[in-house]
Amino acid sequence: MEDELLGIKNTAISLILDSKDQKELEEVMLQFLGRSGRLTLSLKELPKLPIEKRAEVGTLANDVKKTIEEAIDRKRDELSHHKLTEKRKKIDITNPGILPPLGHLHLITQAIEEITTIFAQIGCTRVRYPEVEWDWYAFEALNFPDNHPARDDWETFFIKTEANPKKGPMILTPHTSSGQIREMERKQKPPIRMLNIAKCYRRQSDVSHTPMFHQFEGLVVDKNISITHLKGTLDYFAKSYFGENRKTRIRPYHFQFTEPSFEVDISCGICNGKGCKLCKEGWLELGGAGMVHPNVLKAGGIDPNIYTGFAFGWGVERVLMMKAGIKIDDLRILYSNKLEFLEQF
Amino acid sequence: MNIKIIDSWLREYLITKASAEVIAEKLSLCSVSVEKIEKIDGDLIYDVEITSNRPDLMSVIGIAREAAAVLPQFGIDAKFIPLEPTKNKKLGKELPLEIVNNPKLVNRICTALMSVKIGNSPRFIKERLEKSGIRSLNNLVDVTNYVMREVGHPAHVFDFDRLNSKKLIIRESKKGERIITLDEKLHVLEGGDIVADNGNGQIVDLLGVMGTANSIVTDQTKKILYFIDNNEPYHIRKTSMNNGIRTEAAIINEKEIDPELAKIALLRGIELYRKIADGELIADANDIYPNKTRPKTVNVFKSKIDTVIGIDIPLEECEKILEKLGFRVKVKNQILSVDIPSQRIADILNQEDIIEEIARIFGYHKLPSMLPPLVEVESYHMDKNEFYWENRVKNTLKNWGLTEVYTYSMISEEIFEGPTENAIKLKNPLNEDLVYLRKTLIPSLLEVVKNNKKNEQLKIFEISNIYEKRVGDLPKEIRMIAGVIKRPNVSFFEAKGIAEQLLNTCNIKNVTFKTSEHGGIASSVYIEEDYLGEIELLDSNIVDFEFNFEKIIKLANLSKVYKPLAKYPPVIEDLSIIANENIKTADIIEEIYAQNELIKEVTLLDQYQDTRTFHIIYRSEEGNLTADQVKKVREKVLTALEAKFHAKLKK
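Residues numbered from 1 in each chain as written. Chains lettered and ligands numbered in written order. Predicted model: local features only at pLDDT ≥ 70, side-chain atom pairs only at ≥ 80, totals over all residues.

## Notes on the overall build of chain A
Phase 1 of the analysis: What chain A contains, in helices and strands, is eleven helices and ten strands.
Phase 2 of the analysis: Against the 2.2 N^0.38 benchmark of 20 Å for 345 residues, chain A shows a C-alpha radius of gyration of 37 Å, more extended than a compact globule.
Phase 3 of the analysis: Taken along the three principal axes of its C-alpha coordinates, chain A extends 110 × 50 × 45 Å.
Phase 4 of the analysis: Residue burial in chain A is summarised as follows: out of 345 residues, 43% are buried.
Phase 5 of the analysis: Sequence-distant contacts, at least 24 apart, represent 65% of the contacts inside chain A between residues at least 6 apart. (Helix = DSSP H or I, 4+ residues; strand = E, 2+ residues; numbered from the N terminus. Rg over C-alpha atoms; globule rule 2.2 N^0.38 Å. Buried ≥ 20, exposed ≤ 12 C-beta atoms within 10 Å, placed from the backbone. Contact = placed C-beta atoms within 7 Å.)

In structure tokens, the structure reads:
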């Protein structure tokens, strides 16, 4: 029996090594390991052996089986590798790949993602407050008295409906600053680290304005928040979003809802602050900011004698257009939804 | 508001060696933004943006005072020379005109009756006005504009003889009263405008806004009434906005102007009329001043200054800065007691206003830059965060080949679906395309398809709010997700597949599809009993879907439960069933599952006419399944299908 087994092993190995393709190899496998294969039939004879021999021969038989199976595996690999080499000679690797599907996220979504992540790193929670608002939240609580000339700058859309006796007319919010009041109402008490990103609306449409746009508004209220903290936040954002070598500066300005108020500039990315035809003496306007006006804190139910805060509110489209290299020259194309445009990004 | 300030004019009140570029640069850093410097005929002109809270800077003198406070902070010597107009000798003659004022409308009226000789202004006055962007007309009108620009208080001049009256009554206009302004335009007044009545019911001036044609100076003018009125700002604003008259005078007067300036404007004007129009006072200058500005003091805690600014600026420096700006300061026990000069009474109201003055002159650029401390504001639960899910869903759709669009929230009447009575409408739309707040995203997406006619195929989606009217409250803003697939002979099931897989990635179970109540080739989608939205095949090339995204976020979850790996192998077989095509696949599958818990998975593999092939996986947790066990279950299934649906096994 042992001789038979060894004979089977050698023949099998020889045939396996000689196999030229998968088909031949399969046939050899069947010939030896199949239901009526030589090894299989041989193993069926095992019980006919005397008891003392069964264990020894059984072990040998299993070894032979294992050896044949391993040889088959090795040959299989070798054959497919060979097949591959043949195939490789036949394919033109410069042909296009079979691409998995890929759509596009809107540039605004991409910008919002980046802005949100940057501020999340310094502990600001993202929120989104109503687009349709009461005048009280968008103006009165932000320290705009009735009929104040400063309201003109916001070119507000009004809703055709009854005004509320306490909250005033219903409008489409022209800025995310209404979110400051909403956040103070929600939190009731500092610490506040808010990032409100939402749609805003203004009655304007030209190269740098669309009637619907997005703003992101930061609000930080706590004990001992100062102008230095605002500067720190602005510098951090400018470096993160625009580039490590960019700087910001703040200049005096006026908003009803901040005191002191600032205009924020960023150093020009093209000339690095030296001055060129694309910037104003090395600086570009970024947006407005300021320390939250005590009347605004009061309207939000927060005691200005204990707490201070800063806020800033900028256009998402605006910082997007200022991103190096993007070269979009007319804001309106962002809302044209032309696939030719969307598919570029 | 922007004004042009001439450098040479400025330097009559500001003594400094600094160049115009340096003055502009430092002012922009600490005071007002100088947007550019123009050079015209050897003179330099600053184009300055003045914010609405600083009307006191709408003048040469105002800017000079600021520059004198700012430049020394950069080590540059600068001195402010205040305007001191000549005083006039008392004549003992009273103004032959009774002015009846209403203190609710006008805070102060300063007048001077003068004999004059009308003519052209001398060249230097003409040039200064023109370079400042003001047209030179004649010496009489030019003085009023010159004074306005120099001193910062608007001024007016009447032809006294044309007034032809003994009385001048200051009152509110009545609705419907008509006037012709000096530019020959007819205005029908709304009522409530501040006007001067000549005692006969005739309006001879629209105070603070624009003169009327019937009383202004002409070539024949021999006597003028030089008239400075300090008006109640809200009246001025209403008049100016209602009638569309936006003169520089109106723009200045609608902000609170210091009444003390009226006197200075009066004296300066008299001086100038003397100089350039042979002017001589006929009567003593008159001053009606019912609403004298009350002195104001603001107390500022040094600790508050330190808190807001963030560094310690020594008390002496704070004092020095404030005094340079015209404030008077007394210090006691770390509290600054600050007296506000009359030109700042309107805009300095509290501690923070004073702190702004100190900080900006000190120099924002000198302050360090630090991040606010990190504090725990609230804990972050990723699996419940709406922005996490929104971002995840958007990226999923993007990776399946869809492109995101952002369409306007407002739509035209044309594409608004349903009765417009329930719609939220804009009172002042920009154009007819953006009038109603939408209640569904689909029409907007279909417009995108229309605007991309070149594309035979497209897959777009959007996640945005719709707006539902609520009585007496703000509308309910509901976040929706919608998509449109356009392709020749597109399949309904392509949209259904997206919906199924999307809900699947959000780990939402128990999704059912029912025939839509809205008709058409459509399906209503439910999560348990909760309605989610619709999928609709609009025509042979377009299919769309729209779901309530808030419901998806509410049910989306990251919960993970480990199910132990199967111990025993499954038995898998395909059963081809013949059943009437009207019978729903979902019902057949439900029935199959119901027969035995050994049936672990049933999916539709194939469908051809009335034959449906189901792929069935049987498995037991107890042990290997025998052919016999499977046979028993299979027969139960076939029996049930026959009984319920008259379905038969295909041979």
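## Describing the overall build of chain B
Phase 1 of the analysis: Helix and strand content of chain B: 18 helices and 34 strands.
Phase 2 of the analysis: Taken over C-alpha atoms, the radius of gyration comes to 40 Å for chain B, far larger than the 26 Å a tight globule of 651 residues would show.
Phase 3 of the analysis: Reported as C-alpha extents along the three principal axes, the dimensions of chain B are approximately 130 × 60 × 45 Å.
Phase 4 of the analysis: Counting over 651 residues, chain B shows a buried share of 40%.
Phase 5 of the analysis: Counting contacts in chain B only where the partners sit at least 6 residues apart, residues at least 24 apart contribute 67% of the total.

## Re the interface of chain A and chain B
Phase 1 of the analysis: On the chain B side, the residues contacting the 66 residues of chain A number 70 residues.
Phase 2 of the analysis: Sorting elements by how many residues they give to the side of chain A that touches chain B places helix α8 (residues 227-242) of chain A first, with eight residues.

## Here's the deal with the domain arrangement of chain A
Phase 1 of the analysis: Assigned domains of chain A: these are domain 1 (2-90) and domain 2 (107-342).
Phase 2 of the analysis: When each unit is reduced to the centre of its C-alpha atoms, the spacing between domain 1 of chain A and domain 2 of chain A is 76 Å. (Domains from an automatic or database assignment.)

## Some words on the sheet that holds strand β22 (residues 410-411) of chain B
Phase 1 of the analysis: On the basis of which strands lie adjacent, the open sheet formed by three strands has the order β22-β24-β23 (chain B) and antiparallel pairing. Two strands lie at the open edges of the sheet, namely β22 and β23 (424-425) of chain B, each paired on one side alone. (Pairing = 2+ DSSP bridges.)

## Brief notes about the pairing of strand β7 (residues 248-253) of chain A
All names here are of chain A.
Phase 1 of the analysis: A large share of β7 lies buried, amounting to five of its six residues.
Phase 2 of the analysis: Two elements, β7 and strand β8 (residues 258-267), share six bridges in a ladder whose sense is antiparallel. In the sheet register, P252 faces β8, and the bridge partner there is F262.
Phase 3 of the analysis: Where β7 hands over to β8, the hairpin turn is made up of four residues, counted between the paired strands.

## Looking at the sheet that holds strand β4 (residues 43-49) of chain B
All names here are of chain B.
Phase 1 of the analysis: Ordered by their spatial adjacency, three strands build an open sheet running β1-β4-β3, and the pairing between neighbours is antiparallel. In this open sheet, the two strands that pair with only one neighbour each are β1 (2-6) and β3 (33-40). Mean inter-strand twist for the sheet, computed between neighbouring axes without regard to direction, equals 25°.
Phase 2 of the analysis: Of the strand pairs in this sheet, β3 and β4 are connected by seven bridges, and their pairing is antiparallel. Across the sheet, residue I40 finds its bridge partner in β4, namely D43. (Axes fitted to C-alpha atoms, helices over the stretch in contact; angles between N-to-C directions.)

## Overview of the pairing of strand β29 (residues 530-539) of chain B
Residue and element names in this part refer to chain B.
Phase 1 of the analysis: In this sheet, β29 lies alongside strand β28 (residues 521-527) in antiparallel orientation, the contact comprising seven bridges. Within β29, the residue paired with I527 across the bridge is D530.
Phase 2 of the analysis: Connecting β28 to the next strand, β29, in antiparallel fashion are two residues, including E528 with a positive phi near 55°.
Phase 3 of the analysis: Where β29 and strand β30 (residues 542-548) come together, six bridges link them in antiparallel fashion. Following the sheet pairing, E534 is matched in β30 by E546.
Phase 4 of the analysis: Linking β29 to β30, which pair antiparallel, is a turn of two residues.

## A short note on the domain arrangement of chain B
Phase 1 of the analysis: Split into domains, chain B comes out as domain 1 (2-80), domain 2 (98-288), domain 3 (296-364), domain 4 (382-555) and domain 5 (571-649).
Phase 2 of the analysis: One C-alpha centre belongs to domain 4 of chain B, the other to domain 5 of chain B, and the line joining them spans 36 Å.

## Quick notes on the environment of L91 of chain B
Residues and elements named next belong to chain B.
Phase 1 of the analysis: Turning to its location among the elements, L91 is positioned in the loop between β5 (78-80) and β6 (98-100).
Phase 2 of the analysis: Residue classification places L91 among the exposed positions, given that 12 C-beta atoms sit within 10 Å.
Phase 3 of the analysis: Sequence-wise, L91 and K26 are 65 residues apart; in three dimensions their C-alpha atoms are separated by 47 Å.

## Let's talk about the environment of T86 of chain B
Phase 1 of the analysis: Looking at the secondary structure, you find T86 of chain B in the loop between β5 and β6.
Phase 2 of the analysis: C-beta crowding within 10 Å serves as the criterion here: with 10 such atoms nearby, T86 of chain B is assigned to the exposed category.

## Considerations on helix α7 (residues 233-243) of chain B
Residue and element names in this part refer to chain B.
Phase 1 of the analysis: Along α7, the positions that sit buried rather than exposed are P233, H235, I236, R237, T239, S240 and N243.
Phase 2 of the analysis: Packing partners of the buried residues in α7 comprise β11 (186-188), β12 (194-197), β13 (203-206), β15 (223-231) and α8 (248-253).
Phase 3 of the analysis: Two residues or fewer past α7, G244 is found with a positive phi of approximately 65°.

## Concerning unusual backbone geometry
Phase 1 of the analysis: The amide bond that connects P190 of chain A to the next residue, P191 of chain A, takes the cis arrangement and shows omega of 10°.
Phase 2 of the analysis: Mapped onto the secondary structure, P191 of chain A falls in the loop between α7 (178-187) and β5 (192-201).
Phase 3 of the analysis: The omega angle of the peptide bond from E259 of chain A to P260 of chain A is -5°, so this bond is cis rather than trans.
Phase 4 of the analysis: By secondary structure assignment, the location of P260 of chain A is in strand β8.
Phase 5 of the analysis: The phi dihedral of N333 of chain B falls on the positive side, at around 50°, and the residue is not glycine.
Phase 6 of the analysis: The residue N333 of chain B is located in the loop between β19 (328-332) and β20 (335-340) in this model.
Phase 7 of the analysis: Residue Q609 of chain B is not a glycine yet carries a positive backbone phi of 50°.

## Some details on the packing of helix α1 (residues 2-18) of chain A against helix α2 (residues 22-33) of chain A
Residues and elements named next belong to chain A.
Phase 1 of the analysis: Where α1 meets α2, the axes come as close as 10 Å, and the angle between the chain directions of the two elements is 170°. By the angle between their axes, α1 is roughly antiparallel relative to α2. For the pair α1 and α2, contact is made by I8, A12, L15 and I16 and by L25, V28 and F32, respectively.
Phase 2 of the analysis: In terms of residue class, the contact of α1 with α2 is made up of seven nonpolar, no polar and no charged. (Parallel < 35°, antiparallel > 145°, perpendicular 65-115°, else oblique. Nonpolar A, V, L, I, M, F, W, Y, C, P; charged D, E, K, R; others polar.)

## Details of the packing of helix α2 (residues 20-30) of chain B against helix α3 (residues 60-70) of chain B
All names here are of chain B.
Phase 1 of the analysis: Between α2 and α3, the least distance of the axes is 10 Å, while the angle of their chain directions is 85°. One way to sum up the angle between α2 and α3 is to call them roughly perpendicular. On α3, the residues touching I23, K26, L27 and C30 of α2 are E66, A67 and V70.
Phase 2 of the analysis: For the contact of α2 with α3, a count of residues per class yields five nonpolar, no polar and two charged.

## Structural notes on helix α18 (residues 627-645) of chain B
Phase 1 of the analysis: Its 19 residues place the ends of α18 of chain B 26 Å apart at the C-alpha level, agreeing with the 27 Å of an ideal helix rising 1.5 Å per residue.
Phase 2 of the analysis: Positive phi shows up at H646 of chain B, right after α18 of chain B, with a value of about 55°. (Expected span 1.5 Å × (residues − 1).)

## Overview of the nonpolar core
Residue and element names in this part refer to chain B.
Phase 1 of the analysis: Counting 184 residues, the largest nonpolar core has A67 and I224 as its most contacted members.
Phase 2 of the analysis: Leave out the neighbours within four places in its chain, and I224 touches M114, V116, L140, V157, F158, D159, F160 and V217.
Phase 3 of the analysis: Counting 38 residues, the second-largest nonpolar core is a separate cluster that includes W389, M480, L503 and L532. (Core = buried A, V, L, I, M, F, W, Y, C linked by C-beta atoms within 7 Å.)

## Regarding the confidence of the model for chain B
Phase 1 of the analysis: Across chain B, the average pLDDT comes to 94, with 100% of residues at or above 70.
Phase 2 of the analysis: The ipTM assigned to the predicted complex is 0.90, against a pTM of 0.87. (pLDDT = per-residue confidence, 0-100.)

## Brief notes about the environment of L266 of chain B
Residues and elements named next belong to chain B.
Phase 1 of the analysis: Note that L266 resides in helix α9 (residues 260-277).
Phase 2 of the analysis: A C-alpha to C-alpha distance of 26 Å links L266 and Q202, two positions 64 residues apart in sequence.
Phase 3 of the analysis: Excluding residues within four positions of it along the chain, L266 makes contact with C110, A112, I228 and A285.

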